[in-house]
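Chains, contacts and geometry: an overview
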Amino acid sequence: MNKINFIGIIKDHFFTLKDDGCSKLSKSDVFTHLLLPAIVSFIICYIAGIMKPSVISILVNFGAITTALLMSAVIMVYDQKSKIKEKDEKEEDISKKELNKTRITLYTELCKNTCYAILTSIVIVVLSVALSFFDEKSVTGDEKIYIFYFITFLCYYLFISTIITFLMIIKRFSVVLDT
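Residues numbered from 1 in each chain as written. Predicted model: local features only at pLDDT ≥ 70, side-chain atom pairs only at ≥ 80, totals over all residues. Heavy atoms only, no water.

What the protein chain contains, in helices and strands, is 5 helices and 0 strands. Written out in order from the N terminus, the α and β elements of the protein chain read α-α-α-α-α. Principal axes of the C-alpha set define a box for the protein chain whose edges measure 70 × 30 × 30 Å. Across the 179 residues in the protein chain, those meeting the buried criterion constitute 36%. A fraction of 79% describes how many contacts in the protein chain between residues 6 or more apart in sequence connect residues 24 or more apart. Across the protein chain, the mean location of the 20 positive side-chain charges is 1 Å away from that of the 18 negative side-chain charges. (Helix = DSSP H or I, 4+ residues; strand = E, 2+ residues; numbered from the N terminus. Buried < 20%, exposed > 50% of the residue type's maximum accessible area, 1.4 Å probe, protein only. Contact = heavy atoms within 4.5 Å. Lys, Arg positive; Asp, Glu negative; His and termini not counted. Charge placed at Lys NZ, Arg CZ, Asp CG, Glu CD.)

Right under this line is the structure:
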């Protein structure tokens, strides 16, 4: 069971939501990654109701494509991190060792964020497939309808969270490219 326990991926991702040099989580990052997606998802659910089949199809495609692309990105990031570690072991210049340490930290966080984005993309696909079984005519009772509203909320929440994480990954890639 430990091989499919993804709680560590989620924890690792959220521990990257710190300002440089700080050990405390950034309040603005926590708001952006946790509260903002929840607020926006709630508003969308309130206005649009249960997700429409056309949106479900878009989310399935989004999740499938991003999962494949991000798997490649994780391999590339891991490879670059390994190369820097090897280079650092041979380095004698203290200032270059410090720069390598910063790069290794950045690559580690980038890898954690990318793994989180892969996980959320997979969950989006699974939840979207579950939503595809929704048929207003066959569902009776408030409890069943609320389950579909909750799944819709989770899909939107994870989609927005994944987009925000993508933006963070892109920003970190630009920092990597600049150093």
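A few words on the confidence of the model for the protein chain. Mean pLDDT over the protein chain: 88, with 93% of residues reaching 70 or higher. Of all secondary-structure elements in the protein chain, the lowest mean pLDDT belongs to helix H5 (residues 142-178), at 89, while helix H2 (residues 27-48) reaches the highest, 94. (pLDDT = per-residue confidence, 0-100.)

We now examine the packing of helix H1 (residues 7-15) against helix H4 (residues 94-131). The N-to-C vectors of H1 and H4 enclose an angle of 130°; their axes lie 8 Å apart at closest approach. The orientation of H1 relative to H4 falls into the category oblique. Two packed elements cross with a definite hand, and for H1 against H4 that hand is left-handed. Seen from H1, the contacting residues are Ile9, Ile10, Asp12, His13 and Phe14; seen from H4, they are Lys112, Asn113, Cys115, Tyr116 and Leu119. Among the residues making up the contact of H1 with H4, the classes are represented as 6 nonpolar, 2 polar and 2 charged. (Axes fitted to C-alpha atoms, helices over the stretch in contact; angles between N-to-C directions. Parallel < 35°, antiparallel > 145°, perpendicular 65-115°, else oblique. Left-handed = near helix turned anticlockwise from the far one by under 90°. Nonpolar A, V, L, I, M, F, W, Y, C, P; charged D, E, K, R; others polar.)

Turning our eyes to something else, we now look at the packing of aromatic side chains. Across all of its chains, the model carries 5 aromatic pairs by this definition. Centroid distance phenylalanine 42 to tyrosine 46: 6.5 Å. Interplanar angle 20°. Geometry classified as stacked. On the criterion of helical spacing, the pair formed by phenylalanine 42 and tyrosine 46 is a turn pair, its members being 4 residues apart in helix H2. You can call tyrosine 46 exposed: its relative accessible area is 68%. Taking the centre distance of 6.2 Å and the plane angle of 25° together, the rings of phenylalanine 153 and tyrosine 157 count as stacked. Linking phenylalanine 153 with tyrosine 157, this pair stays in helix H5, spanning 4 residues, or about one helical turn. You can call phenylalanine 153 partly exposed: its relative accessible area is 22%. Three or more aromatic residues joined by ring pairs make a cluster, and in this case those are Phe62, Phe159 and Phe166. (Phe/Tyr/Trp six-rings, centres within 6.5 Å; stacked < 30°, edge-to-face > 60°.)

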